[in-house]
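Residue-level structure breakdown
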Amino acid sequence: MAQVTGAEALINTLKAQGVQHIFGLPGTTVVPLLDALAGREDVKYILSLHENSVMSMAEGYARATGGPAFVSIHMIPGTANALGCMYSAQRDGVPLVVLATDQDSRISGRDTFTETSDMVEINNQFTKWSWCVPRAERIPEALNRAFKTAAAQPPGPVYLTMPKNLLAEKIEYGNTALDGQRLSTRLEPDPEQIHNAARYLLSAERPISVAGYGVMTDGALEEMVELAELLAMPVYMEPFHPYLTFPHRHELFFGPYRPNAPVQESADLMFGVGGRLFVEFDYSPTPMIPEGLRLIHMNVDPWEVGKIFPTEVGIVADAKSGLAALIDGVKELMDAGARERIQLRSEHLRERKKEKDASLAQELKNGWDDAPLKQWRMTADLVQEMGEETVLVNESVTASGYFFDYPRQELYFANSCGFLGWGLGAAVGVKLAMPERKVVACVGDGSFVLGMQSLWSSMRYNLPITVVVVNNGTYVAVKGALNLHGGKAAQQPDTLGLGSDLGSPDVDYAKIAEGFGGVGERVEKPEQLRPAIRRALDADRLAVVDVLVDPRETGYGRPRLP
Ligand SMILES: Cc1ncc(C[n+]2csc(CCOP(=O)(O)OP(=O)(O)O)c2C)c(N)n1
């Protein structure tokens, strides 16, 4: 046992947890921690200029490494700015440990400067655990429990707060043994439920599956492909997906789930794995799962299973263990009759897929050479130029639906909850986790401005990213909705832009990059795009490609504005 300060104990515990970086934006309550970090090379402080950037960088880092990231922020001002990403981390199961140091306990509770009454309560709804550390000696215990909890299934954020004076107090600190605290993320399914699910899947005439985010976070992509192939079962992604959960070029892949798509319409069984069934966008009188469609749902979180729609079989398991068991279960029950049915289905699906691809290819020819660019021309050229080794962080909002053909599932990140201003920070965090890879953030112009403080950290820490701005000069997601609302604002072009149009002043995003020390250029014509992306990828520093796109396009499957 050695005498150390609370701050030193905190850093030692972080180190024992494998933490190499503290993502932070400090205030005076963080001073003892900064002091304890001085001269240490083993844990590095990564500064960002807004708590949203701090959190999104930490989130990107945690998503890319698969392990928890640590964040240090200041009191209620830092906490308030961090909440958007807390929500995003909760929704996408991202393990974060967030520490907001607070007022000195000798004066707290007197409405002191930037103090509020209940920091813990604010975070309860977004976190797996929210707690105020009461004593300096309990800092290691609290942190170890926070890391264990954030990483345990289903992963998510944890919030701690503590009076700043705890960090300066002297305590006895000995090394904590951590092996026993790392919980397995595997949760084996109940064999009886697996047997039942296998029976249903084999007897269904036209089963479909929805591969949720757990397929990627549990490392179950191979198993997902194997089961789909074994059963000739078409695979959809969740409509709002933080990861790409099936190979885009696979003949059984049918894109994001949309009620009423042709293959789905005739389905008699849905198998959902590792995701939510479903996150609804808007009220619709037509349910996301048609009545009468039988449902098998597997999720590591019992809350999700049968949450909205009743299931024939509900399975609580992580995607990897659950799918592996199901593959065995299906193989065990497979007979000649089933094999024949599957063979026929496979041929039928191959035809459907060919038709779908052909009609999509036809659709995408529309306006291919137009300037300003069509969203689909922009995404197609971007994917082509990126090749197969580059990471994509996607916050392109209405253009997101046009990433039909992204070749590498494990190199794709998005947030599924719709909290914008996340993409740029996440891209910088991913770059920190994957320094050998080139990283592209594709963001809407509105989203760019919501998250642009992160660009500073890209330059400060030599974490070059390429930013492709989908510049339509408007919040077209909002404008499109106002148009569909069909009220008086939709009657005139000038009122349709109410609250959405960003055009005046016309922001020069390339200059913003230059202001942070990066490089940038604007693209106005389709033929300029690929060379500009190539230059940005080769720049080896922050590079922004500001692409003018058609302001009337409102996203895949959505009507063009008048
Ligand atoms: C932090 C935050 N504020 C507001 C919204 C509401 N919102 C949803 S889409 C959108 C427009 C985004 O604009 P842009 O990034 O340019 O994408 P576009 O809609 O033009 O495709 C807004 C403001 C949100 N999702 N997140």
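Residues numbered from 1 in each chain as written. Predicted model: local features only at pLDDT ≥ 70, side-chain atom pairs only at ≥ 80, totals over all residues. Heavy atoms only, no water.

**Section: helix H4 (residues 75-92)**
Look at H4: 25 Å from first C-alpha to last across 18 residues, which is about the 26 Å you get at 1.5 Å a residue. Of all the bends found along H4, the most pronounced is centred on Leu 83 and spans about 45°. Burial in H4 covers these residues: Met 75, Ile 76, Gly 78, Thr 79, Ala 82, Leu 83, Gly 84, Cys 85, Met 86, Ser 88, Ala 89 and Asp 92. Where H4 is buried, its residues meet helix H3 (51-65), strand S4 (69-74), strand S5 (96-102), helix H5 (119-124), strand S7 (157-163) and strand S16 (412-414). Immediately downstream of H4, the backbone of Gly 93 shows phi near 65°, a positive value. (Helix = DSSP H or I, 4+ residues; strand = E, 2+ residues; numbered from the N terminus. Expected span 1.5 Å × (residues − 1). Bend = angle between axes of the 7 residues up to and from the residue. Buried < 20%, exposed > 50% of the residue type's maximum accessible area, 1.4 Å probe, protein only. Contact = heavy atoms within 4.5 Å.)

**A closer look at the sheet that holds strand S11 (residues 253-256)**
Spatial ordering of the open sheet is given by S11-S10-S9-S12-S13-S14, a layout of six strands whose pairing is parallel. Single-partner strands in this sheet number two, and they are S11 and strand S14 (313-316). For this sheet the average axis-to-axis angle between neighbouring strands, irrespective of direction, equals 15°. Judged from the five bridges that link them, strand S9 (residues 207-211) and strand S12 (residues 269-273) form a sheet pairing that is parallel. Bridged to Pro 207 within S12 is Leu 269. Strand contacts of helix H8 (residues 191-203): S9, S12, strand S13 (294-299) and S14, with the helix running at about 135° to S14, the strand carrying the most contacts. Contacts from helix H12 (residues 319-333) reach S12 and S13, with the element oriented near 140° to S12. (Pairing = 2+ DSSP bridges. Axes fitted to C-alpha atoms, helices over the stretch in contact; angles between N-to-C directions.)

**Focus on the site of the ligand**
Every one of the 16 residues lining the ligand counts as a neighbour, but Thr 398, Gly 418, Asp 445, Gly 446 and Ser 447 are closest to it. Note that an oxygen atom of the ligand is positioned 3.0 Å from one of the backbone N or O atoms of Val 476. Ala 477 places a main-chain nitrogen or oxygen 2.8 Å from an oxygen atom of the ligand. Burial of the ligand by the protein chains amounts to 75% of its free accessible area of 580 Å². Elements with a minimum of two residues in the shell around the ligand: helix H16 (445-451) and helix H18 (476-485). Residues of the shell around the ligand, tallied by class, amount to seven nonpolar, eight polar and one charged. (Near = heavy atom within 4 Å. Polar contact = N/O pair within 3.5 Å; in protein donor to acceptor, adjacent residues only side chain to side chain. Areas by Shrake-Rupley, 256 points an atom, 1.4 Å probe, with all protein chains shown as cover. Nonpolar A, V, L, I, M, F, W, Y, C, P; charged D, E, K, R; others polar.)

**Quick word on the pairing of S14**
Side chains Val 313 and Ile 315 project from S14 onto a buried face, and the interleaved Gly 314 and Val 316 project onto a face without burial. One ladder, built from four bridges, connects S13 with S14; its direction is parallel. Bridge pairing links Asn 299 to Val 316 in S14.

**Some points on the side chain of Gln 17**
Looking at the element boundaries, Gln 17 is found in the loop between helix H1 (6-16) and strand S2 (21-24). Within polar-contact distance, the side chain of Gln 17 engages the side chain of Asn 144 at 2.8 Å.

**A few points about the packing of aromatic side chains**
Tallied over the entire structure, the rule returns 16 aromatic pairs. On the numbers, 6.4 Å between centres and 20° between planes, the contact of Phe 70 with Phe 147 is stacked. Taken together, the residues span a long stretch of sequence, with Phe 70 in strand S4 and Phe 147 in helix H6 (residues 139-151) at a distance of 77 residues. Overall, Phe 147 belongs to the buried group, its relative accessible area being 3%. Consider the rings of Tyr 243 and Phe 413, whose centres lie 6.2 Å apart with planes at 75°: the pair is edge-to-face. Separated by 170 residues along the polypeptide, Tyr 243 in the loop between strand S10 (235-237) and S11 and Phe 413 in strand S16 bring together distant segments of the chain. (Phe/Tyr/Trp six-rings, centres within 6.5 Å; stacked < 30°, edge-to-face > 60°.)

**Some thoughts on a nonpolar patch on the surface**
On the surface, a cluster of nonpolar side chains totalling about 220 Å² of accessible area is made up of Val 397, Leu 420 and Leu 450. For Leu 420, the position within the fold is in the loop between S16 and helix H15 (423-433). (Patch = residues over 30% accessible without salt bridge, like charges linked within 9 Å, V, L, I, M, F, W, Y side chains within 5 Å. Salt bridge = Lys/Arg side-chain N within 4 Å of Asp/Glu carboxyl O.)

**A look at the packing of H1 against H6**
Where H1 contacts H6, the axes come no closer than 9 Å and their chain directions differ by 30°. The angle between H1 and H6 places the two elements in the roughly parallel class. As for the relative orientation of H1 and H6, their crossing is right-handed in sense. Within the contact between the two elements, H1 uses Gly 6, Ala 9, Leu 10, Thr 13 and Leu 14 and H6 uses Ile 139, Pro 140, Leu 143, Asn 144 and Phe 147. Here the residues of the contact of H1 with H6 sort into seven nonpolar, three polar and no charged. (Parallel < 35°, antiparallel > 145°, perpendicular 65-115°, else oblique. Left-handed = near helix turned anticlockwise from the far one by under 90°.)

**Notes on the sheet that holds S2**
Whether parallel or antiparallel, the strands of a sheet pair through hydrogen bonds between backbone atoms. Taken in spatial order, the six strands of this open sheet run S3-S2-S4-S5-S7-S6, and their pairing is parallel. Of all strands in the sheet, those with a lone pairing partner are strand S3 (44-47) and strand S6 (129-132), marking the two edges. Adjacent strand axes in the sheet meet at a mean angle of 20°, parallel and antiparallel pairs treated alike. Pairing analysis gives six bridges linking S4 to S5, with the strands arranged parallel. If you follow Val 71 over to S5, its bridge partner there is Val 98. Helix-sheet contacts for H4 involve S4, S5 and S7, and the interaxial angle to S4 is about 150°.

**Things to note about the nonpolar core**
Phe 23, Met 270, Phe 271, Leu 326, Phe 448 and Val 467 are the most contacted members of the largest nonpolar core, which totals 135 residues. Not counting the four nearest positions on each side in its chain, Leu 326 is found in contact with Ile 194, Ala 197, Ala 198, Leu 201, Leu 227, Phe 271 and Met 298. Counting residues in hydrophobic clusters, the runner-up holds 33 residues, among them Leu 37, Val 133, Leu 160 and Leu 166. (Core = buried A, V, L, I, M, F, W, Y, C linked by side-chain atoms within 4.5 Å.)

Remember that the coordinates give geometry; whether it matters functionally is a separate question.
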